[in-house]
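# Close look at the chain arrangement
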Amino acid sequence: MSSSDPKLRNDPYGWIEDATAEIEKATTELLENGEASRISDEAVARMMTAAIRLYVAKSDGEERTFRPLTGTRDETVTATEALSAVSEILRALHLGPMELALWYRRRPDEL
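Report on the accompanying structure. Since we're looking at a predicted model, the values are computed, not measured.

So, on to the overall build of the protein. Each helix and strand in the protein was counted, giving five helices and zero strands. N-terminal to C-terminal, the α/β element order of the protein is α-α-α-α-α. Carbon and sulfur atoms provide 59% of the accessible area of the protein, an area that totals close to 9600 Å².

Written as structure tokens, this is what we have:
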């Protein structure tokens, strides 16, 4: 969906649709060029915080789950990348694998 879409033109948050596509594209270029250090730690933390909070609000509020990553399988995010991020999120919240195991749930479509 683009901000030129009539549904988004009057939406004060419609710009997020385009911004996320641009962020994903720029991130891919930065990583391919080995230039991830050009983005501050604070900016990455703000993006992750916003993404996590929005994902949970949508999935819990709409009583559904959806794939939280683009692509299928590991062509956009590897297992190593995902587990490294999850590990650091748990560490930041002073949680461990046991708490993750307690909160883990199967998606309805996986049963």
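Picking up where we left off.
What follows is about helix H2 (residues 15-32). The terminal C-alpha atoms of H2, which comprises 18 residues, lie 26 Å apart, in line with the 26 Å expected from a rise of 1.5 Å per residue. Positive backbone phi, at 65 degrees, marks Gly34, one or two positions downstream of H2.

Here Ser59 is to be found in helix H3 (residues 41-61). Among the polar contacts made by the side chain of Ser59, one reaches the main-chain carbonyl oxygen of Val56 at a distance of 3.4 Å.

Applying the stated criterion across every chain yields a total of one aromatic pair. Taking the centre distance of 4.6 Å and the plane angle of 55 degrees together, the rings of Tyr55 and Phe66 count as tilted. Here Tyr55, found in helix H3, pairs with Phe66, found in the loop between H3 and helix H4 (79-92); they are 11 residues apart in sequence, far enough to count as distant. Its relative accessible area of 24% is what places Phe66 among the partly exposed residues.

The next point concerns a nonpolar patch on the surface. Together, Ile23, Ile39, Val44, Met47, Met48, Ile52 and Val56 make up a nonpolar patch on the protein surface, roughly 510 Å² of accessible area in all. Looking at the nonpolar patch element by element, the count peaks at five residues for H3. By secondary structure assignment, the location of Ile23 is in helix H2. On the basis of relative accessibility, which here comes to 38%, the residue Ile23 falls in the partly exposed class.

In a regular helix each residue adds 1.5 Å, so 21 residues correspond to 30 Å; H3 covers 30 Å between its end C-alpha atoms and thus fits that length. Where H3 terminates, the next one or two residues include Glu63, which has phi positive at roughly 50 degrees.

Parameters and conventions
Residues numbered from 1 in each chain as written. Predicted model: local features only at pLDDT ≥ 70, side-chain atom pairs only at ≥ 80, totals over all residues. Heavy atoms only, no water. Helix = DSSP H or I, 4+ residues; strand = E, 2+ residues; numbered from the N terminus. Areas by Shrake-Rupley, 256 points an atom, 1.4 Å probe, with all protein chains shown as cover. Expected span 1.5 Å × (residues − 1). Polar contact = N/O pair within 3.5 Å; in protein donor to acceptor, adjacent residues only side chain to side chain. Phe/Tyr/Trp six-rings, centres within 6.5 Å; stacked < 30°, edge-to-face > 60°. Buried < 20%, exposed > 50% of the residue type's maximum accessible area, 1.4 Å probe, protein only. Patch = residues over 30% accessible without salt bridge, like charges linked within 9 Å, V, L, I, M, F, W, Y side chains within 5 Å. Salt bridge = Lys/Arg side-chain N within 4 Å of Asp/Glu carboxyl O.

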